[in-house]
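# Inside the fold
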Amino acid sequence: MQYQDIYEFWFVTCSEKDWWQKSSAFDQKIKSQFSVLHKMAHNGELGRWRDTPVGSLCEIIVLDQFPRNMYRDTPQAFASDALALSLSQQAIDKGFDQALNDTEVGFLYMPFMHSESAVIHRQAEVLFRELPGYEFELAHKKIIDRFGRYPHRNEILGRVSTDEEIEFLQQPGSSF
């Protein structure tokens, strides 16, 4: 499989509804088609994709977006976040974000939004400022600034929630 196959699937075959709406059928489709490729990416076997802006973007999607579908509500959903963030940082250092359209750049930057680091969210706020969806980064950053983590991940990751987090999670829109 080549990175162009990922691009075609994510940006041509899929729609925004697929990206943001929970669907067990869509999750299963990604798992059946791309779980082997995700494992390869997680093991660093797709390094050749990092030579181009679109290749880098596609590897980041495989590491950042696909696990959230394939492994929804399990710790594996977040297991490749650090690698996806590192690859996103490298792509930005190479100027690859300048060669992509706004939608593509949003996915290149997404590992910043998924991070539980306040330092990374300060960078994310700057990166997303001129993009559609900036308000989503601000909402994510607000949670990280308040709790230092995403409370909606606590149960999945086996973390104990504080009383303040439990109260927060009972509010509408408290998780993504």
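In case you missed it, the structure is sitting above this.
Just so it is clear, the structure is predicted and the values come from calculations on it, not from any experiment.

Here we come to the overall build of the chain. Across its full length, the chain carries 11 helices and 0 strands. Shown N-terminal to C-terminal, the secondary structure of the chain runs as helices and strands in the order α-α-α-α-α-α-α-α-α-α-α. Here the chain has a C-alpha radius of gyration of 16 Å; the compact-globule value for 176 residues is 16 Å, and the two agree. Once the C-alpha set of the chain is aligned to its principal axes, its extents read approximately 45 × 35 × 30 Å. Burial status across the chain gives 45% buried among its 176 residues. Sequence-distant contacts, at least 24 apart, represent 57% of the contacts inside the chain between residues at least 6 apart.

A separate point is the nonpolar core. Formed by 43 residues in total, the largest nonpolar core has its most connected members in I6, W10 and F66. Among the elements that take part in this core, helix 7 (residues 102-114) stands out by supplying 7 residues, more than any other. Residues in contact with I6, not counting those within four places in the same chain, are M1, F34, L37, W49, C58, I61, V62 and F66. In this structure, I144, F147, Y150 and F168 belong to the second largest nonpolar core, which totals 5 residues.

Each pair of packed helices can be described by the angle between their axes along with the distance between the axes. Packing of helix 4 (residues 53-64) against helix 6 (residues 81-93) brings their axes to within 9 Å, and their N-to-C directions diverge by 160 degrees. Classed by the angle they form, the pair helix 4 and helix 6 counts as roughly antiparallel. Helix 6 is crossed by helix 4, and the crossing has left-handed handedness. For the pair formed by helix 4 and helix 6, the contact residues are S56, E59, I60, L63 and D64 on the first element and D81, L83, A84, L87, S88 and A91 on the second.

Here is what the cut-offs are and how they apply
Residues numbered from 1 in each chain as written. Predicted model: local features only at pLDDT ≥ 70, side-chain atom pairs only at ≥ 80, totals over all residues. Heavy atoms only, no water. Helix = DSSP H or I, 4+ residues; strand = E, 2+ residues; numbered from the N terminus. Rg over C-alpha atoms; globule rule 2.2 N^0.38 Å. Buried < 20%, exposed > 50% of the residue type's maximum accessible area, 1.4 Å probe, protein only. Contact = heavy atoms within 4.5 Å. Core = buried A, V, L, I, M, F, W, Y, C linked by side-chain atoms within 4.5 Å. Axes fitted to C-alpha atoms, helices over the stretch in contact; angles between N-to-C directions. Parallel < 35°, antiparallel > 145°, perpendicular 65-115°, else oblique. Left-handed = near helix turned anticlockwise from the far one by under 90°.

Don't take any of this as a statement about function, it's just geometry.
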